[in-house]
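Given next are the chains, with one letter for each unit.
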Amino acid sequence: MKNDIYTFAPKKKKDMKRYLLLLLLASLHVVNVMGGIVKGKVIDAESGEPLCGAVISLGETKLHTIAGMDGSFTLNTRSKMPKVKLVCKYIGYKKLEREIVIYEKNTETLTLAMKPTTEEMHEVEVVGRLNRTTDTNARLYEKNSINLVNCVSARAMELSPDFTVANVVQRVSGVSVERNNSGDGQYAILRGMDKRYNYTLVNGIKIPSPDNKNRYIPLDIFPAEMLDRLDVSKALTPSMEGDAVGGVVNMLMKDAPNKFVLAENAAMGYSQRFFDRSFVGFDYGAIDKTTPFEKHGGDSDYKAQMSEFTTKNLALSHRRFVPNLNMGITVGNRFFDHKLGVMVSGSVQSNYRGNDGFKLSTGTPRTAPVGMISDMKERTYSEHQLRTGILAKADYRLNKNHTFEFSNVFVNLQNSQVRNEHVAGFSKGYDPENLVGKETFRMRYKNQTIFNTSLQGWHKLGKRLKVDWTGSYSKAKGETPDNAMISMSRNTIDGVLQPQEITFGNSPSISRRWEHSDDRDYSGYLNISYLQKLKHHQSVEWSTGGMYRDKKRSNFNNEYYFTNQPGTPNVLVYGRDFDDFTDIPLDVYNPQGSASNALTYDAYERIGAAYLQFVYNSKHLQITGGVRMEHTDQGYALKYQSPIESLRVPDGNSVYADWLPSLHFKYHLTKKQQVRLSYFRSINRPGYFEMVPYTIVNEDYTEKGNPDLKRAVIDNVDLRYEMFPSPTEQFMCGIFYKRIKDPIEYALQRPAGVSSQDLFYMPGNFGTAHNFGVELDAIKYFRCFGVKANYTYTNSSIKTEKTGWVDGQQITAKQKRPLFGQSAHIANLSLLYKGLHNGLNMQFALSYTGDRISSVSQFLDNDIWQKGFLQGDFSAEKQLRHFSLFVKVNNLFNTRMEEYIKIYDAINDGMPYQDKSSGRTIISRERYGQTYMVGVRYKF
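Here is what the cut-offs are and how they apply
- Residues numbered from 1 in each chain as written.
- Predicted model: local features only at pLDDT ≥ 70, side-chain atom pairs only at ≥ 80, totals over all residues.
- Heavy atoms only, no water.
- Helix = DSSP H or I, 4+ residues; strand = E, 2+ residues; numbered from the N terminus.
- Rg over C-alpha atoms; globule rule 2.2 N^0.38 Å.
- Buried < 20%, exposed > 50% of the residue type's maximum accessible area, 1.4 Å probe, protein only.
- Contact = heavy atoms within 4.5 Å.
- Areas by Shrake-Rupley, 256 points an atom, 1.4 Å probe, with all protein chains shown as cover.
- Lys, Arg positive; Asp, Glu negative; His and termini not counted.
- Charge placed at Lys NZ, Arg CZ, Asp CG, Glu CD.
- Phe/Tyr/Trp six-rings, centres within 6.5 Å; stacked < 30°, edge-to-face > 60°.
- Lys NZ or Arg CZ within 6 Å of the ring centre and 35° of its normal.
- Core = buried A, V, L, I, M, F, W, Y, C linked by side-chain atoms within 4.5 Å.
- Salt bridge = Lys/Arg side-chain N within 4 Å of Asp/Glu carboxyl O.
- Pairing = 2+ DSSP bridges.
- Axes fitted to C-alpha atoms, helices over the stretch in contact; angles between N-to-C directions.
- Polar contact = N/O pair within 3.5 Å; in protein donor to acceptor, adjacent residues only side chain to side chain.
- Disulfide = S-S within 2.5 Å.

Here we take up the overall build of the chain. Within the chain one finds 5 helices and 54 strands. Relative to the 2.2 N^0.38 estimate, which gives 30 Å for 940 residues, the radius of gyration of the chain is 32 Å and therefore close to what a compact globule would have. Within the chain, the proportion of its 940 residues that are buried is 55%. Long-range contacts, defined as pairs at least 24 residues apart, comprise 72% of the intrachain contacts of the chain with a sequence gap of at least 6. Carbon and sulfur atoms form 56% of the exposed surface of the chain, whose accessible area is close to 40,800 Å². A gap of 10 Å separates the mean positions of the 120 positive and 100 negative side-chain charges of the chain.

See the structure below:
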């Protein structure tokens, strides 16, 4: 009777008659009860895995409890009878009834083993897909996947403190994020590899980027509630595109359900930054999104008039009450005898964010190890984010062998931001009573859109042959129209702030810049697989296929400067000559604009790929291997070039092919334990803009593009041990190594074919870099309480040329450093409470990213580092039948973001915010404040 016995310890001693009665009932099950409280565990009779959420009731009464995350339960029977009847129910399992006898001394345990109802379903044709939204499915996919992958389920995202995919992905082991001005995550950094070394998929399809220079995707554009599951793959198979080094982020959008679903949510909150200051905004709806140059067909001789420019977007407004509002709705059902499934989902997030901080600039370090601080910029940001997501999906099951799916995803992020900046120069040293500086206002509106539509088909041609295909159209658009910058003098003399002035003349104080980019993809995928049965329960699945993508990108940049109208004063005093920027009498300084620049270009990229893959399976071993070939043709052309032939930049292109082998082993130690060993080769292509031979003259150096830039080639090795004690628990421990040939980094270089001794700051290939690390990942539940924790140690190194000075003489030397964006230590810890019996869920989450390089300097020892960042978040949910109430609090500790240079010199003694004892030169600090959200969900 072991594993079926609990002990009953009554509140008072039982007499001999009771004891004899129990002996007579020895043939019945005996349990351990304390004061009428029965404790036990519910498991699957076949696998032994706990059944979280099983309902255990006392007979047919309403008295019941629910099994916790580890399958354990506690039920107060409130009975004084010598035996009780337990009834256990769970969806997909046969009802289990058990009579329990009360016995005082026995302390052995009772296990309720439930049998699946599979034998009752053998004639039923199941229409639909496995539910991808649960933690159980996420752990199952991690376990069964042929490559290394980490998953976050929709339910985990819903209960987390996060609203965007960028903030969700930072909870995954080995992943950190690059944050935007509001402190929210924006780009994913996987295993210490910068955002350029990873790619992003939507439903397995690569999507283009709205960025005007690069190919990486801002993940803060995607609302998390649109996903069923988030997968982060850390090893590539031959069937996957081969241009990822750190990994691949795949967003699996909501699927059509197996039955009618209606889900709605609404939330309201506030940002702590606006408790004590106003939100500063402007009318971005008044912005004209095209320039006079474009309206007149790109005529470089056309001279714009002031009447063609609105000034309504230059007027600033101040508001005290700016609540955050989030809303979402999902509707889905199946029709025509479950053959047609339809899902429509929408999300709108309107959030206000603030940021207060400062940034210091250092000069050229000619006489000291670090340059002298030359100025200080005190900055205040007010930012409004309007995030919209729409998903429309339909699938049609023609029969059990043929399924089609039509999917449309639209996401948009509109970001309007006002940056108020006080600049103080220290050319004569730092004296807070006497400062010469300026005040600038930047009114920026940024609109980013990604749209993808795809048609897919899955076909079973007999018992062993399968074919799937995809046709996809994607478009990304990014625009920053009429980015206005206005500068006024801000001087302090003897502690008195002088009147602010706008001075016109040879250097205009007002600029307005238009930028937009379009990135369009046509893609096609085809995969064919054949299952070959072997002896002794062995099999091999052979796969082959390919893909083709035609990409076109168009980028536009034009800037106008403004001066005062003829006959008006060259110096205008704020408060005397104007009270609002719309009052300033402006005229166009450069009426022809500046569209003929390096950021106005066209680019294309055509990629064709084919692969051969096999997956061998035996009782304990799985081997996945093969090879992928990718052919790349990418090029560029500058638009609106100079009519002078010697100044024109010729078109350019680069054509190459890569063979990318891979081999993955998975060995099952037991049913719940396995070991993986993986090798794969991958590449990293240059960014579109990096290959354009542009030239931009800066104060300390000249920046150039590099048309000779080569792709990086990377060899990757992984070893990982995995254990899955239950459907919702896991423990993973792994090591990884990456050898990166010709990594792409920015540094001072002498371009090929240039005879002068001048150095240019430009992208280049730098020998061989190395990156290795260790990952730990664990999820464990104790009844209703749980712990999620992961830790990653990463170490990388690369050598690049930098400039320095010795005894007043300029030198160049190679210096070793980590890869850009790589943090040695990344950790996450979440403390969970999942009260299945009372509908209460809570999570306290900590996320830590260690020190990392945020800006690579061209000077020796002057790289700018970002200090380690610890963020605490909290979320809670209370379920009330079809409704649930939730609260989310972000950045509990109001952690500040800080940047520094690792060395300090007495040249900066007395400068603001410096602490000589720290041995560092502080460069910047920012605080974002907490954000609070309270909301309600409805699910039917």
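There is more to say after this.
The tally for this structure, following the rule as stated, stands at 29 aromatic pairs. Aromatic pair F426 and Y430: ring centres 5.0 Å apart, planes at 70°, arrangement edge-to-face. Taken together, the aromatic side chains of Y270, F275, F321 and Y932 make up a single cluster linked through ring pairs. If you follow K206 out to its NZ or CZ, it ends over the ring of Y199, 4.3 Å from the centre. Note that R937 overlies the ring of F886, its terminal NZ or CZ placed 4.1 Å from the centroid.

At N203, a position not held by glycine, the phi torsion is positive, near 55°. For N203, the position within the fold is in the loop between strand 13 (198-202) and strand 14 (205-206). The class of N203 is buried, set by a relative accessible area of 15%. Positioned with a positive phi, F336 is a non-glycine residue whose angle comes to about 55°. The class for F336 is exposed, based on a relative accessible area of 61%.

Before going further, it helps to spend a moment on the nonpolar core. Of all hydrophobic cores here, the largest spans 32 residues; its most connected members are V169, F222, L230, M251 and M253. Contributions of two or more residues to this core are made by helix 3 (154-159), helix 4 (165-169), strand 11 (175-179), strand 12 (185-190), strand 15 (227-233), strand 16 (247-253) and strand 23 (402-425). The element best represented in this core is helix 4, accounting for 4 residues. In this structure, A304, F309, I584 and L586 belong to the second largest nonpolar core, which totals 29 residues.

Here we take up the environment of F410. Inspection of the secondary structure puts F410 in strand 23. Along the backbone, F410 and T453 are 43 residues apart, and their C-alpha atoms lie at a distance of 8.7 Å. Every residue in contact with F410, bar those within four places of it in the chain, is listed here: T388, G389, I390, T449, I450 and F451.

Quick look at the pattern of salt bridges now. In a structure, side chains of opposite charge can pair up when their charged atoms sit close to one another. Evaluated as defined, the whole model comprises 63 salt bridges. With its nearest N and O atoms 2.8 Å apart, the salt bridge here joins D519 to R553. In this pair, D519 sits in strand 29 (residues 510-533) while R553 sits in strand 30 (residues 539-564), placing the two residues 34 residues apart along the sequence. You can call D519 buried: its relative accessible area is 0%. One salt bridge in this structure joins E729 and K780, with 3.6 Å as the shortest N-O distance. Within this pair, whereas E729 is found in the loop between strand 39 (712-723) and strand 40 (730-741), its partner K780 is found in strand 43 (residues 768-782), the two being separated by 51 residues in sequence. Shared partners join several salt bridges into a network, and the residues in it are K206, E241, D243, D519, D521, R549, K551, R553, R628, E630 and R685.

This paragraph deals with the sheet that holds strand 14. Taken in spatial order, the 5 strands of this open sheet run 10-15-16-13-14, and their pairing is mixed. Two strands bound the open sheet, and with one partner strand each, they are strand 10 (149-153) and strand 14. Both strand 13 and strand 14 contribute to a ladder of 2 bridges, which runs antiparallel. Within strand 14, the residue paired with V202 across the bridge is I205. Packed onto the sheet, helix 2 (residues 135-144) meets strand 10 and strand 15 and runs at close to 170° relative to strand 10.

This paragraph deals with the side chain of N706. Following the sequence through the fold, N706 ends up in the loop between strand 38 (702-704) and strand 39. Among the polar contacts made by the side chain of N706, one reaches the main-chain amide nitrogen of D708 at a distance of 3.0 Å. Sequence-distant contacts of N706, that is, excluding residues within four places in its chain, are made with E690, M691, V692, M762, P763 and G764.

Our focus in this paragraph is the pairing of strand 47 (residues 840-849). Residues N841, Q843, A845, S847 and T849 line the buried face of strand 47, whereas the alternating positions L840, M842, F844, L846 and Y848 sit on a face that is not buried. Pairing of strand 46 (residues 825-835) with strand 47, which is carried by 10 bridges, proceeds in the antiparallel orientation. Among the inter-strand pairings, L831 is bridged to a residue of strand 47, identified as F844. Of the pairings in the sheet, the one linking strand 47 to strand 50 (residues 869-880) comprises 10 bridges and is antiparallel in character.

Right, let's talk about the environment of I373 for a bit. Looking at the element boundaries, I373 is found in strand 22 (residues 373-399). Distance in space between the C-alpha atoms of I373 and F426 is 7.3 Å, their sequence separation being 53 residues. Excluding its chain neighbours within four sequence positions, the residues that come into contact with I373 are L360, S361, T362, F426, N908, M911, Q914 and T921.

Following the criterion strictly, the structure yields 0 disulfides and no others. Left unpaired, C88 is separated from the closest cysteine sulfur, that of C52, by 12 Å. Lacking any disulfide linkage, C733 is separated from the closest cysteine sulfur, that of C151, by 19 Å. The class for C733 is partly exposed, based on a relative accessible area of 31%.

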